[in-house]
Amino acid sequence: MEENFEEKIRKKESLKRRKDSNMFKIVEEVFDYQTLQTLYRLINIGYIKRLYGVVAAGKEARIYWGVNSKNMDLAIKIFLVKTAEFRRGRLKYIEGDPRFKKIKKDIRQIVRLWCSKEFRNLKRAYSIGLNVPKPYVFENNILIMEFIDAGIRGVPAPTIKEDPPKDMEKAYRSIIDSIKKLWWKARLVHADLSEYNILNKNERLYIIDWGSAVDISHPRSEEFLLRDITNITRFFKMYIKTIKPEVIYKEIVLSS
Ligand SMILES: Nc1ncnc2c1ncn2[C@@H]1O[C@H](COP(=O)(O)OP(=O)(O)OP(=O)(O)O)[C@@H](O)[C@H]1O
Ligand SMILES: [Mg+2]
C-alpha cells in the first residue's frame, strides 16, 4: 500500500504531538517507529485506551499492562524487532550494503510471523476451553490478550515456580489434563511448557507464552510433547508422586 507524501507528514506530526503525552514516554525509547505506528493504530481503532507500565521484559518481548475502552485490563505483548535484529548479529556490517537490502524487512516479517503464531495458538487453546489468557487481537508485532492478575489490577499472577499451588496433586492433574486435551482436541503441543510459563491466579492455573507451540503434524511434535511432559514432571515430583513421563506420552500418542 503506497502512502502519499502528505499522509506521511500528517502521521509524523501526529506522532510528534503524541510524544508529549505521558502514555508514550514509557514506550518510545524501546520501540522502533513502525512498532509505535502499530501501537497508535490499535489505540485509534479503540483496542487500547490506556497503556500503563511494563510488567515483564524478556529477550524477545515486553509485556505491558493496559486497558481497553470498557476499562478491562489487557496484557499487551510487544515483540521486539530491535533485539531480533541484534540477535541476527553484526547488522551494521550488512545494513547499507545494497546486496542485503531486504534483510530488515525480513526480520520484521519473522517477528510478525512469531506474533501471529502465538495469537493463533492461543486462540486454538482457548477455543477448546483450556485455561489460557483470552486472545483479543494482534497486529504486526503486537498481541493483545486478557490480563491475568494476582488480585490486584496490573499485577501479574505469579508463576507456579514463584508461588507453588497449595494442592499439588490437583495442579499436577490439571496440567497433565491440559496437555492431553491440547493434543487430542486442539491438535497442538505447547513446546515450551514449564513452571515458568504457568501462572497461578488464586489456585487457578493459566498456561501462557504460546509462541513455540506447534501443530501435531510438525515432524518434531512428539519430541516436544515428551519434553513438555518431562519438564512438568520434573517440577511436580519435587512435591508429589508423579507418573513416568513416558507412560503419559504413550497414552497420548497411542490414542490419538
Ligand atoms: N496474559 C498475561 N497476563 C498477565 N501477565 C502476563 C501475561 N502474559 C505474560 N505475562 C507476564 O509476563 C511474563 C512473561 O510472559 P511470556 O512468558 O509470555 O513472555 P516471554 O517474553 O516469552 O518471556 P520469557 O522469555 O521469559 O519466557 C510472565 O511471566 C508474566 O509475568
Ligand atoms: Mg515465558
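Residues numbered from 1 in each chain as written. Chains lettered and ligands numbered in written order. Predicted model: local features only at pLDDT ≥ 70, side-chain atom pairs only at ≥ 80, totals over all residues. Heavy atoms only, no water.

Caption draft 1: Just the packing of aromatic side chains, in detail. Evaluated as defined, the whole model comprises six aromatic pairs. Ring geometry for Tyr172 versus Phe236: centroids 5.5 Å apart, planes at 50 degrees, classification tilted. Of this pair, Tyr172 sits in helix 6 (residues 168-184) while Phe236 sits in helix 7 (residues 221-236), placing them 64 residues apart in sequence. By the burial criterion, Tyr172 is buried, and Phe236 matches it. An aromatic cluster of at least three residues, connected via ring pairs, comprises Tyr172, Phe235, Phe236 and Tyr239. (Phe/Tyr/Trp six-rings, centres within 6.5 Å; stacked < 30°, edge-to-face > 60°. Helix = DSSP H or I, 4+ residues; strand = E, 2+ residues; numbered from the N terminus. Buried < 20%, exposed > 50% of the residue type's maximum accessible area, 1.4 Å probe, protein only.)

Caption draft 2: Seen up close, the environment of Tyr249. Considering the arrangement of structural elements, one finds Tyr249 in helix 8 (residues 245-254). Residue Tyr249 is classed as buried on the basis of its relative accessible area of 17%. Remark: the alpha-carbon pair of Tyr249 and Arg227, spanning 22 residues in sequence, is separated by 9.5 Å. Leave out the neighbours within four places in its chain, and Tyr249 touches Glu222, Leu225, Leu226 and Ile229. (Contact = heavy atoms within 4.5 Å.)

Caption draft 3: Structural view of the pattern of salt bridges. For the coordinates displayed, the defined rule picks out 12 salt bridges. The residue Lys77 makes a salt bridge to Glu118 at a minimum N-O spacing of 3.1 Å. Here the residue Lys77 occupies a position in strand 3 (residues 73-79), and Glu118 occupies one in helix 5 (residues 103-127), the gap between them amounting to 41 residues. With respect to class, Lys77 is no different from Glu118; both count as buried. For Glu223, the salt bridge is made with Arg220, and the minimal N-O distance between the two is 2.7 Å. (Salt bridge = Lys/Arg side-chain N within 4 Å of Asp/Glu carboxyl O.)

Caption draft 4: The arrangement of the site of ligand 1 in detail. Of all residues adjacent to ligand 1, which total 15 residues, the nearest are Lys77, Glu146, Ile148, Asn197 and Asp209. Between Lys77 and ligand 1, the recorded distance is 2.8 Å, taken from a side-chain N or O atom to an oxygen atom. With respect to ligand 1, the side chain of Asp209 contributes an N or O atom lying 2.8 Å from an oxygen atom. Only strand 2 (61-67), strand 3 and strand 5 (142-146) provide two or more residues apiece to the shell around ligand 1. Considered class by class, the residues forming the shell around ligand 1 number 10 nonpolar, one polar and four charged. The residues that make up the shell around ligand 1 include at least three from each of domain 1 (19-146) and domain 2 (168-254). (Near = heavy atom within 4 Å. Polar contact = N/O pair within 3.5 Å; in protein donor to acceptor, adjacent residues only side chain to side chain. Nonpolar A, V, L, I, M, F, W, Y, C, P; charged D, E, K, R; others polar. Domains from an automatic or database assignment.)

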